[in-house]
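A closer look at the structure
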Amino acid sequence: MSWDQLGPLLWAAAGQTAYMVLVTLVVGGFLGLALGLGLYLTRPGNLLANRAVFAVLNVAVNVVRPVPFIIFLAVLGPLTRAVVGRTIGIEAFTFAMCVMATFVFARLVEQNLVSIDPGVVEAARAMGASPLRIIRTVLVPEALSPLILGYTFLFVGVLDMSAIGGYLGAGGLGDFAIVHGYRQYDWAVTGVVVVLIIAIVQLVQLLGNSLARRALRR
Amino acid sequence: MTAPIISFRGATKVFPGRRRGGAGEVRAVDGVTLDVHAGEIFGVIGYSGAGKSTLVRLINALEPTTDGSVVVDGTDLTGLSEARLRPVRAGIGMIFQQFNLLSSRTVAGNVAYPLEVAGWSRARRAERVRELLDFVGIGDKADVYPSKLSGGQKQRVGIARALATNPRILLADEATSALDPETTADVLALLKRVNRELGITVVVITHEMDAVRSICHRVAVMEHGKVVELGDAYQVFSAPRHPVTRRFVASALKDRPSPAVLARLRERHPGRIVTVRVDEVSGSSAHVTHVLREHEVDGTIVYGGITEVAERPFGSLTLELVGSDAAVGAALAGLRAVTDVVDHGTAADPRDDASAVVHAPGNREGSDR
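Residues numbered from 1 in each chain as written. Chains lettered and ligands numbered in written order. Predicted model: local features only at pLDDT ≥ 70, side-chain atom pairs only at ≥ 80, totals over all residues.

**So, the nonpolar core**
- Among the nonpolar cores identified, the biggest contains 138 residues, and Val111, Ala172, Val203 and Val204 of chain B are the most heavily contacted of them.
- At 16 residues, helix α5 (residues 90-114) of chain A tops the list of elements feeding residues into this core.
- Setting aside residues up to four positions removed in sequence, Ala172 of chain B forms contacts with Ile95, Leu191, Val202, Val203, Val204 and Ile205 of chain B. (Core = buried A, V, L, I, M, F, W, Y, C linked by C-beta atoms within 7 Å. Buried ≥ 20, exposed ≤ 12 C-beta atoms within 10 Å, placed from the backbone. Helix = DSSP H or I, 4+ residues; strand = E, 2+ residues; numbered from the N terminus. Contact = placed C-beta atoms within 7 Å.)

**Considering the interface of chain A and chain B**
- Facing the 18 residues of chain A at the interface are 18 residues of chain B.
- Of all the secondary structure elements, the ones that give two or more residues to the side of chain A that touches chain B are α6 (118-126) and α7 (131-142) of chain A.
- The leading source of residues in the side of chain A that touches chain B is α6 of chain A, at six residues.
- Its residues assigned to classes, the side of chain A that touches chain B shows eight nonpolar, three polar and seven charged. (Nonpolar A, V, L, I, M, F, W, Y, C, P; charged D, E, K, R; others polar.)

**A short note on the pairing of strand β7 (residues 169-173) of chain B**
Residue and element names in this part refer to chain B.
- Counting buried positions along β7 gives five out of five residues, so the element sits mostly inside the fold.
- Of the two faces of β7, both are covered, the one formed by Ile169, Leu171 and Asp173 as well as the one formed by Leu170 and Ala172.
- Across five bridges, the pairing between strand β6 (residues 92-96) and β7 is parallel. If you follow Ile92 over to β7, its bridge partner there is Ile169.
- Both β7 and strand β8 (residues 201-206) contribute to a ladder of five bridges, which runs parallel. Note on β8: the bridge partner recorded for Leu170 is Val202.
- Taken together, β7, helix α6 (residues 181-198) and β8 form a β-α-β motif whose crossover is right-handed. (Pairing = 2+ DSSP bridges. Right-handed = clockwise from strand over helix to strand, strands pointing away.)

In C-alpha cells, the structure reads:
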C-alpha cells in the first residue's frame, strides 16, 4: 500500500491508541492511587493499620501484576463480559488495561509513599489532622514528585500494553505496525510506527521529568 | 503550688513483641506517676530507649496508654476515641528533633497548617502566621521552602507552627539534639521566652543535660521506662541520688577533675589540692577567699568552673593551697564550715577521694528549697 492509503489508517490507529491510553491513564491512575493509598495506610504500624485488609490488597497486587498481559486478557474474559458486555473490541480491551494499570500503579504509589518521613505524618497527627486530611495535605503533596515520575512510568507501560490491542480487535498503533508493516514485509511502515512511539514516549518522559522537578521543592 | 496541667497516674505503655504470643514485648513506659504544673518548664531526661519519647507521646495521645491514666488540662485521655482525641491534640503544640516540616509547603504554609485544621479563615490565618513568624524571628522567610533553611531556622518554623493555635502546652521532643551548640542556645532561649511571655507550659524531652540546666524548673530522670528521680532542677543537679542522674550531671558539669587530671595537677602543683563547692547555700567563692586570708594560706585556682543551674550559681573550684601544714589544716577546717570540701592531698600524700564527684554529706538539707 502507498502512504496515500496508509496515512488515514495510521491516523485512525493513533486515535485508537490515544483513546485506550488516555482512558486507562485516567481510570487506572485514579483507582491505582486509591489502591496504593489503601496498601500504604493499612500496612502494620501505619495510620489505618489493618493486618487483614493489607494482606488481601497485597496478595491481590502480587497475583495480578506478574501475569503477562496477553494471558491476563484471557483470564479476565468472564469479568470483561460481565462489565462491558463483550470480550472483544476496543472497550473490552481498554477495560482489561484499566484493571492491570490499577494494580501496577497501586504498587508504584505504595512504594513512593513508603519513602515519606513518618515524622511528618506524626506531626500532622499531633496537630489534630484526620486521616483523610493527612492523605490530602501530607501524603499526596509530599510524595508528588515521585508520584509524577511513577505516573510517567505507568504511561510507558500502558502504551506497551496497548500494542497488542489487535489481539482483541481494538486496533491501535501496535496493530497497524503488525498488519501493515510486519505481515506485508514492509519494514518502512514498521519503522515509522516505532519512531512515532519512541517520539511520544520521549515527549511524555520529558514532560514528566520537568513536572516532577517543579514539584520537588529542593 | 500551682495546679497540675498534666497528671500521669501509673501510666504504662507496652509495645507488643514482634513474635507471636507477645514474646519480646517492650515496656516503654512503666507505671509513671508524676504531675507537670501549669506554667513550668519540665524536663524529662534519659538515655535513648529510656522511654521519654513514648512518655511525651502519651500526653497528646499519639500513643494510647496500655494501663494507668493521663489527664491533660482536665481531660482524661484514657479510652477516648481517635475522633475525640483530635481536638485535644490540636490544643497541644509539639516540636521534633527532625523538625518534621512539610517540604511541599513554604514556611508560611507550614505555620498555617494547624490553623487550617482548626478551621481558621484565610485572612485570619495570614495575620496569625505573620505574627508568629515575627515572634520567632524569621518574618522574612515566609515564602521560602524549608529545604532552604538552616537547622535553627527550621526549628523556629517548628515552634511557630506548634504555637499557632495558642496551645497551653508545648511538647519539645529532643528539639535541640540535631542543632549545633550555638543554635541550641538560641532555640532554648526561644523556648524560655515562650514559657515566660506566653505562659505556656513546656515539656522538654532531652538526653542533653545542658538543656535541662539552662531552662528547666523541674526535671524527671528516666531509665527503663521508669522515673528514677524527680525534683527541682537545682536540687537534682546539686544532690543527684540515682547513678543515672550522677552520670548526666557529670556530663553537664565538667568542673570536677577526673582521677587522671588530679594526678597531673599534683605533679604540676606541689601544694595541697582541694576542691570546694560553690553554690547558692555556700555562697560565692568570697567565703573561700576570706577563710584562706584568715589562715594566711595562698590559694591558686587550678581547675573548675562555676555555671548556672536553673538560673542559680552552681559549680566547684579546685585550688592549690600553699602554707605551713598547720595553717593549711586550719584553713581546710575553716572551709569545711562554709562549704563541701574534697581533699585530694599532695603528690607525696595523694588522697584519691572516691567522693570527688559525689558530694560529702552534711549540706544536703541546706540545698533543698
